[in-house]
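Topology and contacts: notes
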Amino acid sequence: MSSHACHARTRPVVRAAALAAVAGIAAPLGLFVATAPAFATPATCRTNQLQASWDDSGTARSSTPTGKQETAVVKLRNSSDDSCTLQGHPGVSLTQGKSSETLRDTSKPEPKSVSLAPGKSTTFTLVFLSEKDEPKQAIKPEAAVVTPPDNKASTTLSWKWGPVTKQEGATHPGNAVGPVGATVEAGSGSSASKQIDCGSGWNNLSVRAVTSHGKDACPVALKVSTAYGKAVEAKKAEPITITVNDTGWKCQQKQGEPNPYTECINTKEPTEKVQLLS
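Below is a summary of the structure that appears in this document.

Reading guide: rules and limits
Residues numbered from 1 in each chain as written. Predicted model: local features only at pLDDT ≥ 70, side-chain atom pairs only at ≥ 80, totals over all residues. Heavy atoms only, no water. Phe/Tyr/Trp six-rings, centres within 6.5 Å; stacked < 30°, edge-to-face > 60°. Helix = DSSP H or I, 4+ residues; strand = E, 2+ residues; numbered from the N terminus. Buried < 20%, exposed > 50% of the residue type's maximum accessible area, 1.4 Å probe, protein only. Expected span 1.5 Å × (residues − 1). Contact = heavy atoms within 4.5 Å. Salt bridge = Lys/Arg side-chain N within 4 Å of Asp/Glu carboxyl O. Pairing = 2+ DSSP bridges. Polar contact = N/O pair within 3.5 Å; in protein donor to acceptor, adjacent residues only side chain to side chain. Disulfide = S-S within 2.5 Å.

A full pass over the atoms with the stated rule returns four aromatic pairs. Taken together, a centroid distance of 5.2 Å and an interplanar angle of 75 degrees make the contact between Phe128 and Trp159 edge-to-face. Of this pair, Phe128 sits in strand E8 (residues 121-129) while Trp159 sits in the loop between strand E11 (155-158) and strand E12 (164-165); the two residues are 31 residues apart in sequence, bridging distant segments of the chain. Taken individually, Phe128 and Trp159 each receive the classification buried, so the pair is uniform in this respect. Aromatic rings pair up to connect Trp54, Phe128, Trp159 and Trp161 into one cluster.

On to helix H2 (residues 218-233). Across its 16 residues, H2 extends 23 Å between first and last C-alpha, which sits within 8% of the 22 Å expected from 1.5 Å per residue. The complete set of buried residues in H2 reads Cys218, Ala221, Val224, Ser225, Ala227, Tyr228, Gly229 and Ala231. Elements that come into contact with the buried residues of H2 comprise strand E14 (194-200), strand E15 (206-211), strand E16 (240-244), strand E17 (247-255), strand E18 (260-266) and strand E19 (273-277).

Here we come to unusual backbone geometry. Following Lys108, the chain continues to Pro109 via a peptide bond in cis, the omega torsion being -5 degrees. Position of Pro109 relative to the elements: it lies in the loop between strand E6 (104-105) and strand E7 (114-116). With an omega dihedral of -5 degrees, the bond running from Glu238 to Pro239 counts as a cis peptide bond. For Pro239, the location among the structural elements is in the loop between H2 and E16. Of note, the phi angle at Asp150 is positive, near 60 degrees, even though the residue is not glycine. If you trace the backbone, Asp150 turns up in the loop between strand E10 (143-147) and E11. Take Asp150: its relative accessible area is 58%, and that puts it in the exposed class.

This model, assessed by the stated rule, comprises three salt bridges. Ionic pairing is found between Lys160 and Asp56, a salt bridge with its closest N-O pair at 3.6 Å. Of this pair, Lys160 sits in the loop between E11 and E12 while Asp56 sits in the loop between strand E1 (50-55) and strand E2 (69-78), and the two are 104 residues apart along the sequence. The class of Lys160 is partly exposed, set by a relative accessible area of 37%. Classification of Asp56 as exposed rests on a relative accessible area of 51%. Here Glu131 and Lys250 are joined by a salt bridge, their closest N and O atoms 3.9 Å apart.

Here we come to the pairing of E16. Of the two faces of E16, the one lined by Ile240, Ile242 and Val244 is fully buried and the one lined by Thr241 and Thr243 carries no buried residue. As paired elements, E16 and E17 share five bridges and run antiparallel to each other. Bridging from a neighbouring strand, Val244 pairs with Thr247 of E17. Here E16 hands over to E17 after two residues, with Asn245 in that stretch at a positive phi of 55 degrees.

All right, on to the side chain of Thr122 then. If you trace the backbone, Thr122 turns up in strand E8. Of the polar contacts made by the side chain of Thr122, one reaches the backbone nitrogen of Gly181; its length is 3.4 Å. The residues contacting Thr122, other than those within four sequence positions of it, are Val74, Lys75, Leu76, Leu86, Val114, Leu116, Val180 and Gly181.

Right, let's talk about the state of the cysteines for a bit. Applying the stated criterion across every chain yields a total of three disulfides. Between the sulfur atoms of Cys198 and its disulfide mate Cys218 the distance is 2.1 Å. The disulfide joining Cys198 to Cys218 has a torsion of about -75 degrees about its S-S bond and is therefore left-handed. Here the residue Cys198 occupies a position in strand E14, and Cys218 occupies one in helix H2, the gap between them amounting to 20 residues. The exposure class of Cys198 is buried, given its relative accessible area of 12%. The class of Cys218 is buried, set by a relative accessible area of 9%. The side chain of Cys251 participates in a disulfide bridge whose partner is Cys264; the two sulfur atoms lie 2.1 Å from each other. Residues Cys251 and Cys264 share a disulfide whose torsion about the S-S bond is about 115 degrees; that sign makes it right-handed.

The structure is reproduced here in C-alpha cells:
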C-alpha cells in the first residue's frame, strides 16, 4: 500500500479530534476532555469528634439558687483531624438519678449551619429557671446529657448550676435549649407576655395578669386573687403557695415604685403572673 493512501486514511481521524476539542465533546479513539473535581461538603460532626465543656459566658454563676431564669453556655470543640458541620438544636436532659428534665427547643433564632475545622469550637445556650423557694417543684440535676444535632450518641457534663424548676408539663416552658452557633438570652424559651388589667379582686385590690394569653387569663387571675386573700386571712406566712384549677401559684410581696404589691407566679409556667396592686 502506498504512503499516500495511509495519509488519506488518517486525515479524518485528526480532523475529528480537532472538532471534538472545539465542540467540547468526547473525541474518538479514547480521546476525552478532563473536568475539575467537585469539593464535598464536610460530614456532620459525630459525638465522638466533639469535646463538650461549660463556657462561663452565661448568666449562671454558681450553684446558689436565684429564683430567676438563667442561661448556661456549652462549648463544643472539634477534637478530630477532620472538618465537620453542625446544624440545629442539641438534645439536652438534666438528670438526677432516675429523674430527668428534658429541655425543649427554642423557637428562635432559626438554626444555621456551623462549620468546624479541626480544633475549632462553637457554642449553644441552655435557658433554665433556677428554683429558690419551692424544693418540691425542682429537680437537682447531677448531670446534663447532651446529644449533638443529628446524632444518637450522647456526652455528659456535670451540672454545676443548682436546682432547676421542673417545666416539662408547661405550655410555655421556662427551660429550653437554643441552636448551635447562636446566642440565646433568658426569656427566649417562652412567648412574649403583656400586662392585662382584669378589674378588682380581693380587698378591692387591682388585679393585673402578666400573660401571653391575653384577656383569657383574667378569669384565672381573679381566682388567684380570691385564693390568695383566703390564705392571708388564714394568716399563712409568705411566700404563700395557693392552688387554682390544679395549678400552683407562689405569691409574695414585692417593692414597687413607690408602693409595694403582691405577685403570684404560676409554678408550671413561670412567665404567667398575677399582680395585686393598691
